[in-house]
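What follows is each chain in one-letter form.
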Amino acid sequence: MFKWLKRKKKGSMTIMTVLSLFILGACTVGPGETEAKSWKHELKQAEDLKYSEEVTEGLYKQFRKEEKGRLSFSGALEEIHSLSKVDAMDLYLSRNNKKVKPEEIRSIVNGVYSIDLEAVSELGVGKQTSTYPDDVLQRVRQALNGEVSDEAIIKMTKVEVMDLYWQTFEGKMTGDDMRKMINAIFGINLAGISGLEGTGVSLFSKNQWISRYDRDLFVVHTGADDVDVWVYPTDYFKDQTGLEENPRVLEVALTAFGFVYSEEKDALYYANPTGESVPDNFKGQTLGKIIEVIKEDYEGLN
């Protein structure tokens with residue numbers, strides 16, 4: 001029945017030999033492929049990743065490139081988790097020199113900071129569009145090649161403004177350029193947020209958590225347009241101290257900045273009397289004072 005399999009021409013392989021080689025080839029993988037499957041499996045199984053799987057994979061590949069391949073995934077993961085968010089963003093961007101499009105920038109911000117800029121834009125929250133700095137207005141006009149009124153720009157979504165702003169750089173944006181752009185348009189200070197890790201302060205803004213860690217002691221919560229802000233203790237702080245409200249030392253410190261106790265919010269509360277978004281320097285002073293109180297009175301808790 002299988003006599004035809006035995007026939008062969010001089011110098012050629014039998015069909016059976018070819019089949020055998022094909023089967024062996026399908027079942028055998030090289031060391032590089034085995035290694036890739038191994039670390040990708042580790043990535044899928046890893047818990048409590050600091051950054052998204054996509055960003056973590058990109059950072060690992062960059063570390064391996066710098067180490068010329070001699071780096072285990074577990075060893076790299078430790079280094080990746082030690083990176084600040086700013087450093088992680090810049091290292092991820094350094095993977096290649098291609099033009100990074102606006103949607104990719106928003107994806108990277110989500111992967112590194114867990115901040116959804118698309119959602120911020122859709123909700124129309126964050127920095128008031130009426131307070132865009134001149135640089136933003138000028139770049140939007142430059143991208144549109146014409147005179148565009150402030151009112152027309154204000155009516156655009158933040159994502160639309162970001163896309164036009166990006167065009168003026170012709171794709172040649174550094175990580176610092178991107179962070180400045182996002183702060184100017186969305187009112188989200190990525191460099192400042194990166195510095196919050198380990199300070200004991202959580203930040204809720206633009207209807208989402210911007211920065212939060214298990215051992216944080218206080219929450220800084222801003223309104224939809226960043227016009228007002230309130231501060232209250234975390235559940236972790238309450239559990240550790242037995243206090244159900246902000247400690248007196250923090251009340252005294254923030255009262256000097258214009259905060260008052262709000263019974264409605266059960267928190268220390270501040271609203272900008274001008275009705276505009278609270279400026280960055282005020283946010284920085286508030287966060288700095290809270291961190292100072294933590295270091296002086298509650299450093300052992302966080």
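Residues numbered from 1 in each chain as written. Predicted model: local features only at pLDDT ≥ 70, side-chain atom pairs only at ≥ 80, totals over all residues. Heavy atoms only, no water.

Student: What should I look at first to understand helix α6 (residues 102-113) in this one?
Tutor: Residue pairs spaced three or four apart in an α-helix point in one direction, given the helix's 3.6 residues per turn. With 12 residues, α6 ought to run about 16 Å at 1.5 Å a step, and its terminal C-alpha atoms sit 16 Å apart, in line with that. For α6, every residue scored as buried is listed here: Pro102, Ile105, Arg106, Ile108, Val109, Gly111, Val112 and Tyr113. (Helix = DSSP H or I, 4+ residues; strand = E, 2+ residues; numbered from the N terminus. Expected span 1.5 Å × (residues − 1). Buried < 20%, exposed > 50% of the residue type's maximum accessible area, 1.4 Å probe, protein only.)

Student: Please clarify how helix α5 (residues 85-93) should be interpreted in this entry.
Tutor: For α5, the buried fraction is high: 7 of the 9 residues fall into the buried class. Turning to α5, its buried residues are Lys85, Val86, Ala88, Met89, Leu91, Tyr92 and Leu93. Packing partners of the buried residues in α5 comprise α3 (53-66), α6, α11 (175-186), α12 (190-194) and β2 (208-211). (Contact = heavy atoms within 4.5 Å.)

Student: It is not clear to me how the sheet that holds strand β1 (residues 201-205) should be interpreted in this structure. Could you clarify?
Tutor: In a beta sheet, neighbouring strands are held together by backbone hydrogen bonds and run either parallel or antiparallel to one another. The strand order across the open sheet formed by 6 strands is β2-β1-β3-β4-β6-β5, and the pairing between neighbours is mixed. With one partner strand each, in any of the chains shown, β2 and β5 (260-262) form the two edges of the open sheet. Averaged over all adjacent pairs, the angle separating strand axes in this sheet is 30°, with direction ignored. Taken together, the 3 bridges between β5 and strand β6 (residues 267-271) define a ladder with antiparallel strand orientation. Looking at the pairing, Ser262 lines up with Ala267 of β6. (Pairing = 2+ DSSP bridges. Axes fitted to C-alpha atoms, helices over the stretch in contact; angles between N-to-C directions.)

Student: I keep staring at the packing of aromatic side chains and nothing clicks. Help me out?
Tutor: Note on aromatic pairs: each is described by the distance of the centres and the angle between the planes. With the rule as written, the count across this model stands at 11 aromatic pairs. Measuring from ring centre to ring centre gives 4.8 Å for Phe218 and Phe237, while their planes differ by 40°; the resulting arrangement is tilted. On the criterion of sequence distance, the pair formed by Phe218 in strand β3 (residues 218-222) and Phe237 in helix α13 (residues 235-241) is long-range, its members being 19 residues apart. Of the residues examined, Phe218 reaches a relative accessible area of 0% and is grouped as buried. Residue classification places Phe237 among the buried residues on the basis of a relative accessible area of 0%. Relative to Tyr298, the ring of Phe237 has its centre 5.2 Å away and its plane inclined at 75°; by these criteria the two rings are edge-to-face. You can see Phe237 sitting in helix α13 and its partner Tyr298 sitting in the segment after α15 (280-297), a full 61 residues away along the chain. The residues Phe237 and Tyr298 share a single accessibility class, namely buried. Through successive ring pairs, a cluster of aromatic residues spans Phe257, Phe259, Tyr270 and Phe282. We note Lys265 situated over the ring of Trp230; from NZ or CZ to the ring centre the distance is 3.8 Å. (Phe/Tyr/Trp six-rings, centres within 6.5 Å; stacked < 30°, edge-to-face > 60°. Lys NZ or Arg CZ within 6 Å of the ring centre and 35° of its normal.)

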